[in-house]
Amino acid sequence: MTTITLHPDFRLGPVDRRVFGSFVEHLGRCVYTGIYEPDHPTADEHGFRRDVADLTQELGATVLRYPGGNFVSNYVWEDAVGPVEQRKPFLDLAWRTVEPNLVGTDEFLQYCEREGIAPMMAVNLGTRGIEAAIALLEYCNGEAGTKWADLRIANGREEPYGVALWCLGNEMDGPWQIGHKDAHEYGRLAAATGRAMRQVDPSIELVACGSSSMMMDTFGEWERTVLSYCYDVVDHISMHAYYEELDGDRASFLGSATAMATFIDRVAASADAIGAERRSDKQITISFDEWNVWYLVSRFVGETNLPIQRDAPRIIEDVYSALDAVVVGDMLSTLINHADRVAVGCLAQLVNVIAPIMTEPGGPAWRQTTFHPFATAARLARGDALQVKVDTGTLTTARHGDVPAVTAAATVDPETGALALFVTNRTDVEQTVTLRTPGATARLDGGSAVLADHVGPREGREAAEAYGMVDALPVAQEGDALTLRLAPESWTAFTGSLR
Ligand SMILES: O=[N+]([O-])c1ccc(O[C@@H]2O[C@@H](CO)[C@H](O)[C@H]2O)cc1
């Protein structure tokens, strides 16, 4: 038996809409034959696929991080601006792929603008540094009358783009990163680059690289050291986390979002330790700019040491199961439950590469299973996140110890009282939940769910197209008591009101 208690006055604070971001990297087929394919029947006059853009709108992505990922750490952005016919292909060392440079900064930023999505740009702190970063920022945000802003104007774009969010490199703690650095080297470089970037545009928000995962040997020490250099310069510290079902250990996989919550709490604690030493009133917030289910250990390892490839090779095209969708839903609940700390989130990635949207070159685009919980949460989670109290049993897992059997997150729109309640049942049996709202009145209109047993594991396009949200089990109301039933291994989004 589980009890969920909500009160409209117990709020964590507003859910930053930027938590529902995604990520476009020059990797595999994310850009070419993903968002961009000039020969595709749905391509617009700029060469971008309308079918993919429509699915991106339906997904509700609010932010797109670009151009990497590992790619950014050897990227020469200047090679991909100006007349397309003069651009030269570039050998990307991160993915050992020939990058044709047909899509660059202008094409991407104008795409974001047309789609009404906020761009989040990363600068190269692997092979490059301060000079290239401030040039790119001036190119994007500078007013007419200086070299790089004037180059943008010469390239046909008069108005500055006003890019607000900037990542100071990518995963610089990872030995795989081109130009990998230790925490002192990176911390110094991030602080110096960030300071110089603020001289170009003081209004920007800066993200320092945190750890590539909680399992990195340097985790914790990395955050503390990096922030000891750049606490006063940056606004956010990044987090990246990917989870997968390993060796058929379903319970641990279903507990992934608890590990994600622990990770957030630890990064916040590391940042706050530096703030405390400095007696600083400033709080560093979190940019969770890569998260997803990724069969990294079980499948990706076989994809390393590839020969050099061209023409947008199929790299990391994970096909998701219905169970993966449940775990993605639960991770979205975790992000909402940390609305007081997480300012930005990016589901990695948007198209084809560990993505909610898949395409065939010249062919269709479709939704993977993981599309549905994301689109649902992005649509419904509005207003303030509530402090949700969940009294429930435990699920014993090999990797994360005992985790809650049922988890929940909720948002209330302060204007309308509209309630969204997201509930995960991590167990393999139906669960009954009593919803208590002492001193307040709740109404639930019903909901929709993703179920783990709905589609067999990883059956590909046809199964994905047949998959979708199903109606939640009926809600029973007796007096003030609401009773919910949760299907086994499911993530359910209920809507209603709370006043
Ligand atoms: O834990 N790892 O072994 C590991 C390895 C690579 C890795 O790369 C990150 O994930 C890639 C795909 O989104 C992005 O380009 C990069 O930032 C992230 C994690």
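Residues numbered from 1 in each chain as written. Predicted model: local features only at pLDDT ≥ 70, side-chain atom pairs only at ≥ 80, totals over all residues. Heavy atoms only, no water.

Details of the nonpolar core
Core analysis: the biggest nonpolar cluster contains 139 residues, and Ile35, Trp166, Tyr186, Phe288 and Trp291 have the highest contact counts within it. Take this core: its biggest share by element is ten residues, from helix α9 (residues 322–337). No fewer than three residues from each of domain 1 (16–382) and domain 2 (389–498) sit in this core. In contact with Ile35, other than residues within four places in its own chain, are Val24, Cys30, Phe48, Arg49, Val52, Tyr111, Leu350 and Val351. (Core = buried A, V, L, I, M, F, W, Y, C linked by side-chain atoms within 4.5 Å. Buried < 20%, exposed > 50% of the residue type's maximum accessible area, 1.4 Å probe, protein only. Helix = DSSP H or I, 4+ residues; strand = E, 2+ residues; numbered from the N terminus. Domains from an automatic or database assignment. Contact = heavy atoms within 4.5 Å.)

Thoughts on the confidence of the model for the chain
For the chain, the average pLDDT comes to 96, and 98% of its residues sit at 70 or higher. Two summary scores accompany this predicted model of the complex, namely pTM at 0.97 and ipTM at 0.99. (pLDDT = per-residue confidence, 0-100.)

Digging into the environment of Val429
Structurally, Val429 is set in the loop between β20 (418–425) and β21 (431–436). Using a relative accessible area of 45% as the deciding quantity, one classes Val429 as partly exposed. Other than its neighbours up to four places away in sequence, Val429 contacts Leu486 and Pro488.

Some words on the pattern of salt bridges
In total, this model carries 26 salt bridges according to the counting rule given. Measuring nitrogen to oxygen at the nearest pair gives 2.8 Å for the salt bridge that ties Arg49 to Glu37. Taken as a pair, Arg49 in the loop between β3 (21–23) and α1 (50–59) and Glu37 in the loop between β3 and α1 lie far apart in primary sequence, twelve residues in all. Note on accessibility: Arg49 and Glu37 belong to one class, buried. When the shortest N-O distance is used, the salt bridge between Arg50 and Glu115 registers 2.9 Å. Remark: Glu115 occurs in helix α2 (residues 105–115) and Arg50 occurs in helix α1; sequence separation between them is 65 residues. Assessed through its relative accessible area of 32%, Arg50 is described here as partly exposed. (Salt bridge = Lys/Arg side-chain N within 4 Å of Asp/Glu carboxyl O.)

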